[in-house]
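Each chain is listed here by its residues.
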Amino acid sequence: MMFSKLNCYTNILVFLFILGNLNGATGFPALHAYHSVSSLSLSGAGYLHSSVLSNNINPAVYDDRQFSASIIKYPSQITSQSVGIALPILNNLFCFSLNNISYGVFNGYDDSGVETDKYYSRDTHFKFSFSKKHPSLPIKIGLSSNYFFSEYQNYKIKVLNLSCGVIYNISKYQTKLGISFQNWGMNFSDLNVSLSNETVLSSSTKLKHLPLRLYFDFVLDRHLEPSSLFTGGVFQINKKLKLFFGSGSRKLDQNTKQNIYKSIVGSSSVGFSYLLNTTSIRYGVYNYGTGAIVQGVEIGMEI
């Protein structure tokens, strides 16, 4: 009995601890879980990189129809599975995604130690997003609604939040500037859950003499105090192959100073995307400062 419960809670605590350090979240860290391999490969940067699966994104960024599905493996056999789609409707773009994080199946016991039914520990996240271009100005606006449901045996958490954003496109310099207000909402459960209300300032620039697009994202907490800085890039190797890389300010906090290698690669990520006709295969890996690895695979396609 105690082993089953301890195993369940250990998995959940390990996952929440890793997420809190990966993203620098000050509120409920599961809201910042990686579901998108693109976001994972950019170390959380790329709020202006379009992905139907990502939580770390400006909701105004969606601009084309696409479908994606991913599997991301965390330590302790914790798995994230996601699927999402974006479609244009009436000159607007609508996006829907479903994410599930499984902590495993565990044996249940009553107070007398008698075995009862097995139970699941999991998080489920539904997201609906909308983006629209201004008819005359180089501006896009976006809004997303997120419903988050967590189930840990007898404990349940229900959260509904909203995010909104604006993106300004400076086509002359192949640069985009964005601002988004993330995770504003309410908690419907009896448990005390603090939402990590954030303001994110973002930029995306295509370099003039290199096939490289750079992303910078500066995160402010609910009091508009600096929280995290993420940076990443997408290097276009050829027409089919892209290389992703990223890091952020969490590198300093996660530096265990065990050796030079861990100090350099800690809190950093790398990944690639390969295009087969209209289908994209993506793989990414994040190296946590202590040596823990998060890795994922994603299939995306134009529809």
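Right above here is the structure, for reference.
For the structure given in this document, a descriptive report is provided here. (Residues numbered from 1 in each chain as written. Predicted model: local features only at pLDDT ≥ 70, side-chain atom pairs only at ≥ 80, totals over all residues. Heavy atoms only, no water.)

**Focus on the nonpolar core**
Then, number 1: With 20 residues, the main nonpolar core has Leu42 and Tyr62 as its most contacted residues.
Then, number 2: For this core, the secondary structure elements donating two or more residues are strand S3 (92-109), strand S9 (212-220) and strand S10 (226-236).
Then, number 3: Leave out the neighbours within four places in its chain, and Leu42 touches His49, Tyr215, Thr231, Gly232, Gly233, Val234, Phe244, Phe245, Gly246, Ser247 and Ser269.
Then, number 4: One finds Ala33, Ile101, Tyr103 and Tyr152 within the second-largest nonpolar core, a separate group that totals 19 residues. (Core = buried A, V, L, I, M, F, W, Y, C linked by side-chain atoms within 4.5 Å. Buried < 20%, exposed > 50% of the residue type's maximum accessible area, 1.4 Å probe, protein only. Helix = DSSP H or I, 4+ residues; strand = E, 2+ residues; numbered from the N terminus. Contact = heavy atoms within 4.5 Å.)

**Thoughts on the packing of aromatic side chains**
For any pair of aromatic rings, the description rests on two quantities: the centre-to-centre distance and the angle between the ring planes.
Then, number 1: The full count for this structure, using the stated rule, is five aromatic pairs.
Then, number 2: For the ring pair Phe94 and Phe130, a centre distance of 5.4 Å and an interplane angle of 50° mean the geometry is tilted. Taken together, the residues Phe94 in strand S3 and Phe130 in strand S4 (residues 115-133) connect sequence positions 36 residues apart.
Then, number 3: Phe94 sits in the partly exposed class, given a relative accessible area of 23%.
Then, number 4: Between Phe272 and Tyr283, the ring centres sit 6.2 Å apart and the planes meet at 45°, which makes this aromatic pair tilted. Here Phe272 is found in strand S12 (residues 268-276), whereas its partner Tyr283 is found in strand S13 (residues 279-287), with 11 residues between them in sequence.
Then, number 5: Grouped by ring-pair contacts, the aromatic residues Phe94, Phe128 and Phe130 constitute a single cluster. (Phe/Tyr/Trp six-rings, centres within 6.5 Å; stacked < 30°, edge-to-face > 60°.)

**Quick word on the environment of Asn146**
Then, number 1: Inspection of the secondary structure puts Asn146 in strand S5 (residues 139-152).
Then, number 2: Relative accessible area serves as the criterion here: at 7%, Asn146 is assigned to the buried category.
Then, number 3: Sequence separation between Asn146 and Phe126 is 20 residues, and the spatial gap between their C-alpha atoms is 5.7 Å.
Then, number 4: In this view, Asn146 contacts His125, Phe126, Lys127, Val159, Leu160, Asn161 and Ser163; residues no more than four positions away in its chain are not counted.
Then, number 5: Reaching out from Asn146, the side chain makes a polar contact with the side chain of His125 at a distance of 3.2 Å. (Polar contact = N/O pair within 3.5 Å; in protein donor to acceptor, adjacent residues only side chain to side chain.)

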